[in-house]
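Working through the structure, step by step
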Amino acid sequence: VGDLFHSHANKEMELFSKWRKDFSQLTFHLIKGNHDILKDDWYSENSITLYQEDMIIDGFSFIHDPTSDQLRTSSNYIFSGHVHPGVSLKVGNRQSLGFPCFHFGKSMAVLPAFSRFTGIRTMKVNATDHAYAIVNQSIIKV
């Protein structure tokens, strides 16, 4: 749901291109986000199907940055990627650490960014929400 890369061409993209060639049988769809700034040819060369707005599959909408109108009127469960969600976990009396997370609400899921350059937005996790922090190489239910 967008923000696949956070910059212009770099070494990680070369590794990604190799991975795409090694696993070319996998279908890869990308809803373009505000950080997806490469030319469309690069995505095409790496067998990535681009969507400029959204993609809808069986009652799910994949939207990079849903508008308030889309959130209010959609009957589909929405997956988003623009916000870069995170949680803050207390590790001592006065210390806390922030981690990227998967955030699942009643009508929308917000997927994390995996780049070190994007930062995170601390999400409020309500009683009906579910959040899963990414800590080192583990996923931890918060």
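Definitions and limits used
Residues numbered from 1 in each chain as written. Predicted model: local features only at pLDDT ≥ 70, side-chain atom pairs only at ≥ 80, totals over all residues. Heavy atoms only, no water. pLDDT = per-residue confidence, 0-100. Helix = DSSP H or I, 4+ residues; strand = E, 2+ residues; numbered from the N terminus. Polar contact = N/O pair within 3.5 Å; in protein donor to acceptor, adjacent residues only side chain to side chain. Expected span 1.5 Å × (residues − 1). Buried < 20%, exposed > 50% of the residue type's maximum accessible area, 1.4 Å probe, protein only. Arc of directions from axis to C-beta. Phe/Tyr/Trp six-rings, centres within 6.5 Å; stacked < 30°, edge-to-face > 60°. Salt bridge = Lys/Arg side-chain N within 4 Å of Asp/Glu carboxyl O. Core = buried A, V, L, I, M, F, W, Y, C linked by side-chain atoms within 4.5 Å. Contact = heavy atoms within 4.5 Å.

What follows concerns the confidence of the model for the protein. Mean pLDDT over the protein works out to 88, with 94% of the residues at or above the 70 mark. Per-residue pLDDT, averaged within each element of the protein, yields its smallest value for strand S9 (residues 121-122) (82) and its largest for strand S4 (residues 60-63) (97).

Within the secondary structure, Ser-80 is located in strand S5 (residues 77-80). A distance of 2.9 Å separates the side chain of Ser-80 from the backbone oxygen of His-64, its partner in a polar contact.

The next thing to look at is helix H1 (residues 11-22). In this model H1 runs 17 Å from its N-terminal to its C-terminal C-alpha over twelve residues, within 8% of the 16 Å that 1.5 Å per residue would give. Taken residue by residue, H1 has Met-13, Phe-16, Ser-17 and Arg-20 as its buried positions. Viewed end-on, H1 has its buried residues packed into an arc of 100°, placing them on one side of the element. Opposite the buried face of H1, by more than 90 degrees, sit the exposed residues Lys-11, Glu-12, Glu-14 and Leu-15.

The next subject is the packing of aromatic side chains. A complete count under the given rule lists ten aromatic pairs for this structure. Relative to Phe-28, the ring of Trp-19 lies with its centre 6.4 Å away and its plane at 80°, an arrangement referred to as edge-to-face. Take Trp-19: its relative accessible area is 33%, and that puts it in the partly exposed class. Plain terms: the ring middles of Phe-62 and Phe-79 are 5.2 Å apart, the flat faces sit at 15° to each other, and that makes the pair stacked. Highlighted residues: Phe-62 in strand S4 and Phe-79 in strand S5, separated in sequence by 17 residues. Taking relative accessible area as the criterion, Phe-79 reaches 17% and is therefore assigned buried. Taken together through their ring pairs, the aromatic side chains of Phe-16, Trp-19, Phe-23, Phe-28, Trp-42 and Tyr-43 make up a single cluster.

Taken as a whole and assessed by the stated rule, the structure comprises three salt bridges. Taking the shortest distance from any N to any O, the salt bridge between Lys-32 and Asp-40 comes out at 3.1 Å. Where Arg-72 meets Asp-69, a salt bridge forms, and the shortest distance between an N and an O atom there is 2.8 Å. Here Asp-69 and Arg-72 lie together in helix H3 (residues 68-73), a separation of three residues that amounts to about one turn.

The subject of this paragraph is the nonpolar core. Membership of the largest hydrophobic core is limited to nine residues, which are Phe-5, Met-13, Phe-16, Phe-28, Leu-30, Leu-38, Trp-42, Tyr-43 and Ile-48. If you list the elements that add at least two residues to this core, you get H1, strand S1 (28-31) and helix H2 (40-45). Ignoring any residue separated from it by four or fewer positions in sequence, one finds Phe-5 in contact with Met-13, Phe-16, His-35, Asp-36, Leu-38 and Trp-42.

So, about the side chain of Asn-46. You can see Asn-46 is positioned in the loop between H2 and strand S2 (48-51). Of note is the side chain of Asn-46, whose polar atom sits 2.8 Å from the side chain of Ser-17. Within the local environment of Asn-46, its side chain forms a polar contact with the backbone oxygen of Trp-42, the two atoms lying 2.8 Å apart. Leaving out residues up to four positions away in the same chain, Asn-46 has contacts with Ser-17 and Arg-20.

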